[in-house]
Structures are given as C-alpha cells and as structure tokens.
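# Descriptive structure summary
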Amino acid sequence: MLVFLDETFRTHKKGTVEMPFGALCGVAISENQFTRVAKDIFQLKLKHMGAEFARDHELKGKELLKNYVFKLQAKGIASKNLALADDILSYIERKHIHVFGCVCFQPRFQDFKCQDVTALDKTFRFLFERIDMFMKIEHPHEKAVLVFDDRDQGTNERNATAITNFFLRSPDGLALDSVIDTPFFGISQAQNIGLQLADFVTTIIGLRFEGHDHIRPYFERLKRCIYRWQHPDNHWNSGLKVMRPQK
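Residues numbered from 1 in each chain as written. Predicted model: local features only at pLDDT ≥ 70, side-chain atom pairs only at ≥ 80, totals over all residues. Heavy atoms only, no water.

With that settled, consider the packing of helix α1 (residues 34-49) against helix α9 (residues 193-210). Interhelical geometry of α1 versus α9 gives an angle of 65° and a closest axis separation of 10 Å. Residues Phe 34, Val 37, Ala 38, Ile 41 and Lys 45 of α1 form the contact with α9, whose own contacting residues are Ile 193, Gly 194, Gln 196 and Leu 197. Residue composition of the contact of α1 with α9, grouped by class: six nonpolar, two polar and one charged. (Axes fitted to C-alpha atoms, helices over the stretch in contact; angles between N-to-C directions. Helix = DSSP H or I, 4+ residues; strand = E, 2+ residues; numbered from the N terminus. Contact = heavy atoms within 4.5 Å. Nonpolar A, V, L, I, M, F, W, Y, C, P; charged D, E, K, R; others polar.)

Here is the structure:
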C-alpha cells in the first residue's frame with residue numbers, strides 16, 4: 001500500500017486573532033491499483049483541460065480551488081478548474097480512496113520538521129498510528145510505504161532519520177509494524193499522481209481549517225473518505241488528527 005503525503009501551512013483568523021497551523025495529509029492507494037488511478041486521473045485532466053495540460057501539468061489544489069472560481073460559481077459562471085476538482089473528488093469517493101492527516105495548531109510541531117532525530121514529533125506519530133491501524137484492519141497482510149512530497153534536503157534528511165529511528169528503536173514505533181520503516185520522497189511535478197492527489201486533499205483540509213465557507217461542501221464530501229474505525233468500547237476514531245492550541 002502506497003501512502004502519499006503532502007503538507008500545507010496556513011492561518012486561521014478568528015476576529016483579530018490569527019492562529020497559524022500546518023496540515024500534513026494524504027491518500028492511500030494500493031500498488032496494484034496505482035497505474036489504473038494514474039490513467040483515470042489523466043483522463044479527467046484531458047476531459048476538462050485538454051491534452052497539453054493533461055500531459056505536462058500537475059494538479060495543484062491551490063490552483064483548482066482559488067477564491068475566484070467560487071466567485072464565478074456564485075455568479076452562475078462555470079469554471080474548468082472547479083469542474084475538474086468536482087470530478088477528482090467524485091473519483092476519490094467512488095474508488096474509496098482513504099484519506100489520512102494531521103492538522104496542528106501547536107507552534108512547536110506545526111512545521112513538520114523534526115529538529116531532534118532521536119524523538120519523533122507527535123504530529124508524525126499520530127499520523128503513523130492511524131495509518132498502521134488502517135493497515136492492520138483493512139490490509140493485515142500488507143505494509144504501508146510512506147511517500148512524502150519533496151521539501152529541502154536538510155528537512156528530508158532530518159525527518160527520514162527521525163522516522164526510521166522511531167520505527168526501529170522505540171517501543172511505540174516497533175509496535176507499528178504495518179508501516180515500512182524507511183520513508184521515500186517524491187516530486188509531484190514528475191507526474192506523480194499519488195502526490196498530486198495528496199496535494200489536492202491537503203488543500204481542501206487546509207482551506208476548511210483556515211475558515212473558508214465555500215470549501216465546506218467539498219470538505220463534507222472528503223470527510224466521508226477519511227478513514228474511521230470503531231474502538232472496542234464503541235468509540236469511533238478518525239484518520240484525521242487535529243492538534244488544537246495548548247491552553
């Protein structure tokens with residue numbers, strides 16, 4: 001199972017108070033379905049944007065879901081960007097592509113950069129716990145491969161070291177044995193459809209927590225794709241962890 005992850009950094013405004021936050025979210029795609037998904041998304045890009053875009057341009061959530069496309073929608077004017085976004089979201093729903101994520105308002109952890117490679121940040125740990133539970137319940141004979149969108153070399157190196165140390169050297173990490181201990185880093189511009197879909201869902205989640213009302217219908221649809229499981233005490237757990245500001 002391939003789990004593609006991307007991040008976004010935004011600010012939620014409440015009155016005069018601004019609360020910056022980060023979101024690290026993504027999608028899980030079975031390896032044997034990945035080529036099919038890539039072909040299907042190509043066809044959607046071709047349908048709405050034409051051959052040149054489908055062949056040479058990546059999907060970017062921030063481009064498809066710009067403010068102006070919602071302003072056009074409010075005026076009854078159709079937008080190719082929004083039409084493509086609708087079709088992609090429908091595809092994610094129809095194909096039961098599961099979504100995971102962590103939204104963090106706590107300043108110490110919201111940039112998703114592990115400064116201490118011997119102690120994995122809580123954001124990553126919460127996210128990996130959810131992915132591991134998904135694998136144990138839905139795909140008990142498989143393991144998840146983590147594929148992060150490329151950042152800078154220093155960040156990639158520190159995060160990779162911290163993640164590997166966590167999985168191999170800590171009791172908590174050793175218990176998460178449904179996740180491969182070595183993360184990979186990819187480039188979305190290289191037509192990596194998995195990372196482009198991760199960018200798309202991360203944008204929707206980021207806009208929702210930023211407080212944009214126009215994204216609510218899209219988030220409600222995406223929320224149905226966020227993995228959920230029931231605890232033995234009948235409590236439901238979500239694949240999206242929200243770390244609120246500490247009081």
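With that out of the way, let us pick up the pairing of strand β3 (residues 98-104). For β3, a buried count of six out of seven residues is recorded, marking the element as mostly surrounded by other parts of the structure. Sheet topology places strand β2 (residues 17-29) next to β3; seven bridges connect them, and they run antiparallel. Of the residues in β3, the one forming a bridge with Ala 23 is Val 103. Here β3 pairs with strand β8 (residues 240-243) via four bridges, running parallel. Note that in β8 the partner of Gly 101 across the bridge is Leu 240. (Buried < 20%, exposed > 50% of the residue type's maximum accessible area, 1.4 Å probe, protein only. Pairing = 2+ DSSP bridges.)

Let us look at the sheet that holds β2. The strand order across the open sheet built from six strands is β5-β4-β1-β2-β3-β8, with neighbouring strands paired in mixed fashion. With partners counted over all chains shown, the strands left at the sheet margins are β5 (184-186) and β8, one partner each. Each strand axis lies, on average, 25° off the axis of its neighbour in the sheet, ignoring direction.

What the rule picks out here adds up to 15 salt bridges. A salt bridge links Arg 224 to Glu 93, with the nearest nitrogen and oxygen atoms 2.7 Å apart. Taken as a pair, Arg 224 in the loop between α10 (216-223) and β6 (228-230) and Glu 93 in helix α5 (residues 80-94) lie far apart in primary sequence, 131 residues in all. Judged by relative accessible area, which is 19%, Glu 93 ranks as buried. (Salt bridge = Lys/Arg side-chain N within 4 Å of Asp/Glu carboxyl O.)

Turning next to empty space enclosed by the protein. Any empty space left between the atoms is revealed when a probe the size of a water molecule rolls over them. If you walk through the whole model with that rule in mind, you get one cavity of 30 Å³ or more. There is about 70 Å³ of room inside the largest cavity. What lines the largest cavity is simply Glu 7, Leu 24, Phe 112, Phe 124, Phe 148, Asp 149, Arg 151, Asn 156, Asn 159, Ile 163 and Phe 185. Contributing elements (two or more residues each) for the lining of the largest cavity: β4 (145-149) and α7 (153-169). At three residues, α7 tops the list of elements feeding residues into the lining of the largest cavity. Split into classes, the residues belonging to the lining of the largest cavity amount to six nonpolar, two polar and three charged. (1 Å grid on protein atoms, 1.4 Å probe; cavity = no way out; pocket = protein on both sides within 12 Å on 5 of 7 lines; lining within 4 Å. Points joined across faces, edges and corners; volume = space filled by probe spheres on them.)

What follows is about the environment of Ser 170. When you line up the elements, Ser 170 lands in the loop between α7 and α8 (171-175). Residues Ser 170 and Gly 61, 109 residues apart in the sequence, show an inter-C-alpha distance of 36 Å. Polar contacts involving the side chain of Ser 170 include one to the main-chain carbonyl oxygen of Phe 166, which spans 2.6 Å. Only 3.0 Å separates the side chain of Ser 170 from the backbone nitrogen of Gly 173, close enough to count as a polar contact. (Polar contact = N/O pair within 3.5 Å; in protein donor to acceptor, adjacent residues only side chain to side chain.)

Ranked by internal contacts, the top residues of the largest apolar core, which has 47 residues, are Leu 64, Leu 65, Ile 88, Leu 197, Phe 200, Ile 204 and Ile 205. Of the residues forming this core, the biggest block, 10 residues, is contributed by α9. Membership of the second largest hydrophobic core comes to 31 residues, among which are Val 3, Leu 176, Val 179 and Trp 229. (Core = buried A, V, L, I, M, F, W, Y, C linked by side-chain atoms within 4.5 Å.)

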